[in-house]
Amino acid sequence: MLFSKNPTSIFLLLTLTFVLLLSFSININASDPTNSEDDSDDLEQLLALDEQEDQLPEDQDQESSSRFSEAEVLSKAQRIVLELNSDNSKRFIDENEFVLLLGYAPWCVRSAELMPQFAEAATSLKELGSPVLMAKLDAERYPKVASLLDIKGFPTLLLFVNGTSQAYTGGFSAEEIVIWARKKTGVPVIRINTVTEAEDFLKKHHMFMIGLFEKFEGSDYKAFIKAAMSDNEIQFAEASNIQVAKLLYPDIKATNFLGIVKSEPERYTAYDGTFEMENILQFLDYNKFPLVTKLTELNSVRVHSSPVKLQVYVFAKADDFKTLLEPLQDVARKFITKVMFIYIDIVDENLAKPFLTLFGLEESKNTLVTAFDNKGSSKYLLQSDSTPSNIEEFCSGLLHGSISTYFKSQPIPDNNNASVLAVVGKTFDDLVLNSPKNVLLEVYTPWCINCETTSKQIEKLAKHFKGLDSLIFAKIDASANEHPKLQVDDYPALFLYKAGDKDNPIKLSTKSGSKELAAFINKQVRPKDQAAKDEL
């Protein structure tokens, strides 16, 4: 798994990241981690445990909560992750059959978010008797080792099998890490034989696929096993006793049954397709997410890769969303497998701002509903109040193609006395495409290094051609305005929209000097007898 750096997150949470790493990381050099029990104990260490505050009595003060949390940390000494370094990395990986490695950097916020989940997974795998050993490497401190292990970004998870690595492709909660690791090391399905086993299984898994078979054989069962081995995220369970299976999925009525169970209002979904691996996996892809998924840094890749390409995003403050969640789930239930509903805390700049910037709404603080068609790369905005009924109508319109694609635009500017007219998304049609005059349009962005030089040229040319009524000079900020007929990949850009042929604008070279541009304009828009007399 690989994430890119996020400077804002890094700056805000740098101190927290270092505290997490320094508090729970112990660098240990061991001559042989496999020779003796004592040596093995020396290699064991605690790493960033999950939050304990939720288990505390509400009336305890912060200091007592802290002491309680520390005591819990110490009592869970089996949450063990080996800290690798330049001396022990190769030996440890080569001498052990299965090693799940986390490559991290101290400044990386996502690494800090993943570490508690990684540590909890290490504990669970140890308790389950898994042969997988967990390790971590500070890739910034040991860059040569990181390079040899093919760690190129942070965080990176790799599974080494007898010294050969494979990329991690699972989820990022502790449960998902455990599921993936067990599937890749020989335990794709958990067999449940008794009521007690079923009850224990329910306590440990919030989402799973249950298969009921009279006998663990035959083509249907083989397809089930193949799907379990191919899937990277969901725990598969199997049973042959219908009473045991009903503890996991109460509505089972016959054998050769498959169903997915989730810890949310839409808890049970039965599979009704043919028993083929591809069909079972497709069923999981369309049904594994909640009715409304909260987007996080760790699940963002999974969300965006969902086969449900029409995705509706609700941006709201956490308190406001609590009121909206239940009616929104009712709406989502009507569009299962057709529309994916995603919630983003609008206060979370790292998650919300990149999306809102696409709509020119990055300063918004109130509830907003947007949509993306990832299949066609189109975006939409609910322009009425974000009520459940309006959201439902919005979704219906998306499915029926009656909602117009959204193009962002700045407010309409005042162009009185301007030599170069400011064009925005809302005025592009009127000022450029529908204008009876020739329009020389400059397309720029505020962050463009060369745009300022081009802008000065255009200002100069606009003054020079001031008396030419058939020509308008204009400019548009492409970072804040969009139009379906304005597709620019490089800035600055200059286009001449000739009167009578606005569908085929002529692109001018921004490397040309003012005299060259003036000569070109003369040739294109002035009558021949006047153009020959006009020089800059």
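Residues numbered from 1 in each chain as written. Predicted model: local features only at pLDDT ≥ 70, side-chain atom pairs only at ≥ 80, totals over all residues. Heavy atoms only, no water.

Where an unreviewed UniProt entry is consulted, the protein appears under the name protein disulfide-isomerase, with the organism given as Gossypium australe. Quoted verbatim from the Catalytic activity (unreviewed entry) heading of the UniProt record, the comment on the protein is "Catalyzes the rearrangement of -S-S- bonds in proteins." (UniProt positions renumbered as here; feature names shortened; annotations may be inferred.)

### With respect to the packing of aromatic side chains
Counting across every chain of the model gives 27 aromatic pairs. Plain terms: the ring middles of Phe224 and Phe236 are 5.4 Å apart, the flat faces sit at 50 degrees to each other, and that makes the pair tilted. In this pair, Phe224 is assigned in helix 9 (residues 219-230) and Phe236 in strand 8 (residues 235-239), connecting sequence segments 12 residues apart. The buried category is assigned to Phe224, whose relative accessible area is 0%. Connected via pairs of aromatic rings, a cluster forms that spans Phe213, Phe216, Tyr221, Phe224, Phe236, Tyr271, Phe275 and Phe283. (Phe/Tyr/Trp six-rings, centres within 6.5 Å; stacked < 30°, edge-to-face > 60°. Helix = DSSP H or I, 4+ residues; strand = E, 2+ residues; numbered from the N terminus. Buried < 20%, exposed > 50% of the residue type's maximum accessible area, 1.4 Å probe, protein only.)

### Describing the packing of helix 13 (residues 318-333) against helix 15 (residues 388-400)
Packing of helix 13 against helix 15 brings their axes to within 10 Å, and their N-to-C directions diverge by 30 degrees. As the angle between them shows, helix 13 and helix 15 are arranged roughly parallel. Every pair of crossing elements has a handedness; the one defined by helix 13 and helix 15 is right-handed. Contacts from Leu324, Pro327, Leu328 and Val331 of helix 13 reach helix 15 at Pro388, Ile391 and Glu392. Split into classes, the residues belonging to the contact of helix 13 with helix 15 amount to six nonpolar, no polar and one charged. (Axes fitted to C-alpha atoms, helices over the stretch in contact; angles between N-to-C directions. Parallel < 35°, antiparallel > 145°, perpendicular 65-115°, else oblique. Left-handed = near helix turned anticlockwise from the far one by under 90°. Contact = heavy atoms within 4.5 Å. Nonpolar A, V, L, I, M, F, W, Y, C, P; charged D, E, K, R; others polar.)

### Considerations on the sheet that holds strand 5 (residues 164-167)
Taken together, the five strands give an open sheet; going across it, the order is 1-3-2-4-5, and neighbouring strands pair in mixed fashion. Every interior strand has two partners, whereas the edge strands, strand 1 (82-84) and strand 5, have only one. Across the sheet, the mean angle separating the axes of adjacent strands is 30 degrees when strand polarity is ignored. For strand 2 (residues 98-104) and strand 4 (residues 156-161), the ladder comprises six bridges, and the chain directions are antiparallel. Within strand 4, the residue paired with Val99 across the bridge is Phe160. On top of the sheet, helix 5 (residues 109-127) reaches strand 2, strand 3 (132-138) and strand 4; it is set at about 165 degrees to strand 2, its chief contact. Strands in contact with helix 7 (residues 174-184) are strand 2, strand 3, strand 4 and strand 5; relative to strand 5, the strand with the most contacts, it is inclined by about 135 degrees. (Pairing = 2+ DSSP bridges.)

### With respect to the pairing of strand 17 (residues 438-444)
Of all seven residues in strand 17, six are buried; the element is thus mostly enclosed. Note that strand 17 and strand 18 (residues 471-477) share seven bridges and pair parallel. When the sheet's bridge partners are listed, Leu440 is paired in strand 18 with Phe473. Handedness of the strand 17-helix 17 (residues 451-464)-strand 18 crossover: right-handed. (Right-handed = clockwise from strand over helix to strand, strands pointing away.)

### Considerations on helix 7
Of all 11 residues that make up helix 7, 10 are buried, and the element is covered over most of its length. Ala174, Glu175, Glu176, Ile177, Val178, Ile179, Trp180, Ala181, Arg182 and Lys183 are the residues of helix 7 that are buried. Among the residues trailing helix 7, Gly186 stands out with phi positive, at a value near 105 degrees.

### Topic: the pattern of salt bridges
Considering all chains together, one arrives at 18 salt bridges under this definition. With a closest N to O distance of 2.7 Å, Arg191 and Glu238 form a salt bridge. One end of the pair, Arg191, is in strand 6 (residues 189-191); the other, Glu238, is in strand 8, and 47 residues separate them in sequence. Among the ionic pairs, Arg333 bridges to Glu266, the shortest N-O distance being 2.6 Å. Within this pair, whereas Arg333 is found in helix 13, its partner Glu266 is found in the loop between strand 9 (257-262) and strand 10 (268-270), the two being separated by 67 residues in sequence. (Salt bridge = Lys/Arg side-chain N within 4 Å of Asp/Glu carboxyl O.)

### Focus on the sheet that holds strand 7 (residues 207-212)
The five strands lie next to each other as 6-8-7-9-10, forming an open sheet whose pairing is mixed. Two strands lie at the open edges of the sheet, namely strand 6 and strand 10, each paired on one side alone. Each strand of the sheet is rotated relative to its neighbour by a mean of 25 degrees, with strand direction disregarded. The pairing of strand 9 with strand 10 spans three bridges and is antiparallel. Pairing of Ile260 across the sheet is with Thr269, part of strand 10. Against the sheet, helix 9 engages strand 6, strand 7, strand 8 and strand 9, with an angle of about 155 degrees to strand 8.

### What about the environment of Ala181?
With respect to the helices and strands, Ala181 occurs in helix 7. Judged by relative accessible area, which is 0%, Ala181 ranks as buried. In the structure, Ala181 is positioned 82 residues away from Val99 in sequence and 9.6 Å away in space, judged by C-alpha atoms. Not counting residues within four places of it along the chain, the set of residues in contact with Ala181 comprises Leu125 and Val132.

### Brief notes about the packing of helix 9 against helix 11 (residues 277-287)
The axes of two packed helices give the description: the angle between them and the distance between them. Between helix 9 and helix 11, the least distance of the axes is 8 Å, while the angle of their chain directions is 50 degrees. On the basis of the axis angle, helix 9 is oblique to helix 11. Handedness of the crossing formed by helix 9 with helix 11: right-handed. Contacts between helix 9 and helix 11 involve Ala223, Phe224, Lys226, Ala227 and Ser230 from the former and Met277, Ile280 and Leu281 from the latter.

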